[in-house]
Amino acid sequence: KTRGFIVCVAVLVLCVLFFPFQSSARILIDINSPGLTQLPISVAPFKSMSGSPQEGAVSGEMSRLLAKDLSFTGYFKIVSPTVALQDLNQMGLTKETIQFQGWSLLGVEMLVTGGITISGNTLTTEIRLFDVSEQKMVLGKRYDGALSSAPAMVHRFANEILRYITGTEGYFLSKIAFVVGDHRSKDIYTMGFDGENIKRITNFKSITITPDFS
């Protein structure tokens, strides 16, 4: 029995040495570390898939909003894509179109690319996160919705990035409730985490206070 046990242990050791388990190359930031080092990341301008002026305007706003979201966390060092060592107009959504060595020379460790298509009032967005050193995509999402949902799509992908990098849930789709008014009338409003998209929720012409989500 003892000999059989030794043989089993030896086989197990050989399996571990010659057939290592595969693990995802996930980058983690310890957000509780007092010596937190920001992760260099760049958000390339999102592409207009049809080249229309409307798509160009919306795609530009979406990529700027994503960079703003990531900068807001304090976990990332945003590297401006304007210093890229490749023609951004020639760079697409796939890794074959990305000159990873050039981005690496700039110190960029993670790169975001995206593209949008607008058909009537429908917006389709594809956003991808690449590990520059590994030269591979680590996150990719497609979102479909109304044109007005463009900011929500960006916030949703920012949440995905935060979850992948730190292991914690993102807060970019959070809402803040607050009260506005005087001694005669107060009403409840909501806004996004960044102070944008303010909406009035009540209009009772009375004192309305202590908002509560349920």
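Quick notes on the rules
- Residues numbered from 1 in each chain as written.
- Predicted model: local features only at pLDDT ≥ 70, side-chain atom pairs only at ≥ 80, totals over all residues.
- Heavy atoms only, no water.
- Helix = DSSP H or I, 4+ residues; strand = E, 2+ residues; numbered from the N terminus.
- Expected span 1.5 Å × (residues − 1).
- Buried < 20%, exposed > 50% of the residue type's maximum accessible area, 1.4 Å probe, protein only.
- Contact = heavy atoms within 4.5 Å.
- Lys, Arg positive; Asp, Glu negative; His and termini not counted.
- Salt bridge = Lys/Arg side-chain N within 4 Å of Asp/Glu carboxyl O.
- Polar contact = N/O pair within 3.5 Å; in protein donor to acceptor, adjacent residues only side chain to side chain.
- Core = buried A, V, L, I, M, F, W, Y, C linked by side-chain atoms within 4.5 Å.

**Student:** Explain helix α2 (residues 53-73) here, please?
**Tutor:** Look at α2: 31 Å from first C-alpha to last across 21 residues, which is about the 30 Å you get at 1.5 Å a residue. Burial in α2 covers these residues: Glu 55, Val 58, Ser 59, Gly 60, Met 62, Ser 63, Leu 65, Leu 66, Ala 67, Asp 69, Leu 70 and Thr 73. Of the surrounding elements, those touching the buried residues of α2 are β1 (39-43), β2 (47-48), β3 (76-78), β4 (110-119), β5 (122-131) and α4 (150-166). Remark: Gly 74 follows α2 within two positions and exhibits a positive phi of approximately 85°.

**Student:** Would you mind going over the side chain of Asp 131 with me for this structure?
**Tutor:** Positionally, Asp 131 belongs in strand β5. For the buried residue Asp 131, which engages in no salt bridge, the nearest side chain bearing the opposite charge is Lys 136, 6.5 Å off. Side-chain polar atoms of Asp 131 contact the side chain of Ser 133, separated by 2.8 Å.

**Student:** Explanation requested: the nonpolar core in the structure shown.
**Tutor:** Membership of the largest hydrophobic core comes to 33 residues, with the highest contact counts inside it found for Met 62, Leu 66, Phe 76, Val 112, Leu 129, Phe 157 and Ile 161. Looking at this core, the elements with two or more residues in it are β1, α2, β4, β5, β6 (136-146) and α4. Per-element tally for this core: the top contributor is α4, with 9 residues. Excluding its chain neighbours within four sequence positions, the residues that come into contact with Phe 157 are Leu 66, Val 112, Ile 127, Arg 128, Leu 129, Leu 139, Lys 141 and Tyr 143. Counting 11 residues, the second largest nonpolar core, distinct from the first, contains Met 91, Ile 98, Trp 103 and Val 132.

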